[in-house]
Amino acid sequence: MSVWSYANPARFMRLSARLLPWTAALAAGFIAIGLIWGFFFTPDDFRQGASVKIIFIHVPTAMMAINIYAMMFVASLIWLIRRHHVSALAARAAAPIGATLTVVAIATGALWGQPIWGTAWAWDPRLTSFFILFLFYLGYIALWSAIEDPDKAADLTAVLALVGSVFALLSRYAVNFWSQGLHQGATLSLDRAQNIANVFFWPLLTSIAGFFLMFLALVLLRTRTEIRLRRIRALQLARAAG
Amino acid sequence: MDGSLRSLLGRELILAVRAGGGAGLGLAFFLIAVLLVPLGIGPELALLSRVAPGLLWVAALLAALLSLDRMFQADLEDGTLEVMATAALPLEGLAAIKALAHWLTTGLPLVLAAPVLALTLGLPPAGIAWLVGSLALGTPALSFIGAIGAALTVGVRRGGLILSLLVLPLYVPTLIFGARSVDLAANGRDPQSAALLLAAVTLGTLGIAPLAAAAALRINLR
């Protein structure tokens, strides 16, 4: 059976109903283990003290904030090419989650930056591109809610997501040109020699897995809600017509 | 085909120039926005010349935004757009011509007025030359990106606000490279790299925007 068969909303509802409790429980477990391990069972940094532990929230939310936009790009592409409604609704469902995680990433960064950098906000390329990313999410959500016809809204937001991805990527590198960075480069990797210390690596990986599963659970839940809203709308239209 | 492009461009320009068309409003807005800033932050020329490149570019961005929401809307409301969609000229061509007309009536006047305003803000002569150059290179991108936003929101009632929310983030690369090239030139450094990147953004936009705008128009006409 091909993966596309789950694009059938009825099949998707059955599958997601079974998957949802497991992903939600796993997400809660991984996040709890990752955060407790990270917060209480890792050493303080020799310069940053305990404030370093914000990475267990900051890094996973920042990673998800970017990857959710990428997921919306893929889902929009699938909708435009194969016309699977579940795909369009999943993109719609993902946007508010992405926007929220973007805000969380910025807020945790500010909380950490206040004592360490001496400032909560700097016009640094990474910080600024997250600000821009947040605006992309807002525009996407606003366009969805501005158009009444659901299929038309799905099509137009998909076009916006494709165009937005091009410009979001462009902006990400354009801001490098505009300001020198204060933010450190990436030090988390699975294969490079330069990597963060092992004591931080494993709890961080656990936390990232937890946040990913949380996104999966939320997007399943919200997509189910969207499908049900569409059904209600169809029923109301049928009743109004008959 | 060639004739239809030309007559369409002529129609757009005539509509913009005649009563109610609103050509020149963008320019007036540009003048007012630039006038308001010295009133807000004080008349010290040293400070003004420091912020002039960014200020002029941001004002140009907002002025370009002002007339975007009417780019397709009037034609959709009276059914002209549907007639045009059945014509031999593809919608991509229509979107490109509309964006070009928008640039001729909004972007080009800004390019011509900018040196005078830059003079009042005390921008050094080298900066003024590059201001004109960068606006000439960058404002077409503003009109063409704007066409995407205008096509996406053409069916939305009071779409002006949402249009600015969609379009302004897309203007970020143009703004950065445009203002940066003027800033570098004004400070006696080589603005070429920024200007080249600005030209690249504009060229890329000229290629992508008509396709995206036409796709959005087709969806809205369905």
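Being a predicted model, the structure only gives us computed values, none of them experimental.

*Asks:* Explain the overall build of chain A to me, using residue names and the numbers behind them.
*Replies:* Helix and strand counts for chain A come out as 6 helices and 0 strands. Counting helices and strands in the order they occur from the N terminus, chain A gives α-α-α-α-α-α. Principal-axis analysis of the C-alpha atoms places the extent of chain A at approximately 70 × 40 × 30 Å. The proportion of buried residues among the 242 residues of chain A is 38%. Excluding contacts between residues fewer than 6 apart, the proportion of contacts in chain A whose partners are at least 24 apart in sequence is 77%.

*Asks:* Tell me about the confidence of the model for chain A, and name the residues and values.
*Replies:* Averaged over chain A, the pLDDT score is 90; the fraction of residues at 70 or greater is 95%. Per-element averaging of pLDDT across chain A places helix α5 (residues 150–178) of chain A at the bottom with 92 and helix α2 (residues 55–82) of chain A at the top with 95.

*Asks:* Pulling in residues and values, what's your account of helix α2 (residues 25–41) of chain B?
*Replies:* Residue and element names in this part refer to chain B. The end-to-end C-alpha distance of α2 is 25 Å, a good match for the 24 Å that 17 residues give at a rise of 1.5 Å each. Turning to α2, its buried residues are Gly26, Phe30 and Val34. Buried residues of α2, seen end-on, are gathered within an arc of 80° and therefore sit on one face of the element. Along α2, the residues that are exposed and aim more than 90 degrees away from the buried face are Ile32, Leu36, Leu39 and Gly40. Buried residues belonging to α2 abut α3 (45–66) and α6 (91–120).

*Asks:* Talk me through the interface of chain A and chain B; I want residue IDs and the actual numbers.
*Replies:* Each partner contributes to the interface: chain A provides 23 residues, whereas chain B provides 20 residues. Listed by contribution, the elements that provide at least two residues to the side of chain A that touches chain B are α4 (125–146) and α5 of chain A. Residue contributions to the side of chain A that touches chain B peak at 14 residues, all from α5 of chain A.

Reading the values: rules and limits
Residues numbered from 1 in each chain as written. Chains lettered and ligands numbered in written order. Predicted model: local features only at pLDDT ≥ 70, side-chain atom pairs only at ≥ 80, totals over all residues. Helix = DSSP H or I, 4+ residues; strand = E, 2+ residues; numbered from the N terminus. Buried ≥ 20, exposed ≤ 12 C-beta atoms within 10 Å, placed from the backbone. Contact = placed C-beta atoms within 7 Å. pLDDT = per-residue confidence, 0-100. Expected span 1.5 Å × (residues − 1). Arc of directions from axis to C-beta.

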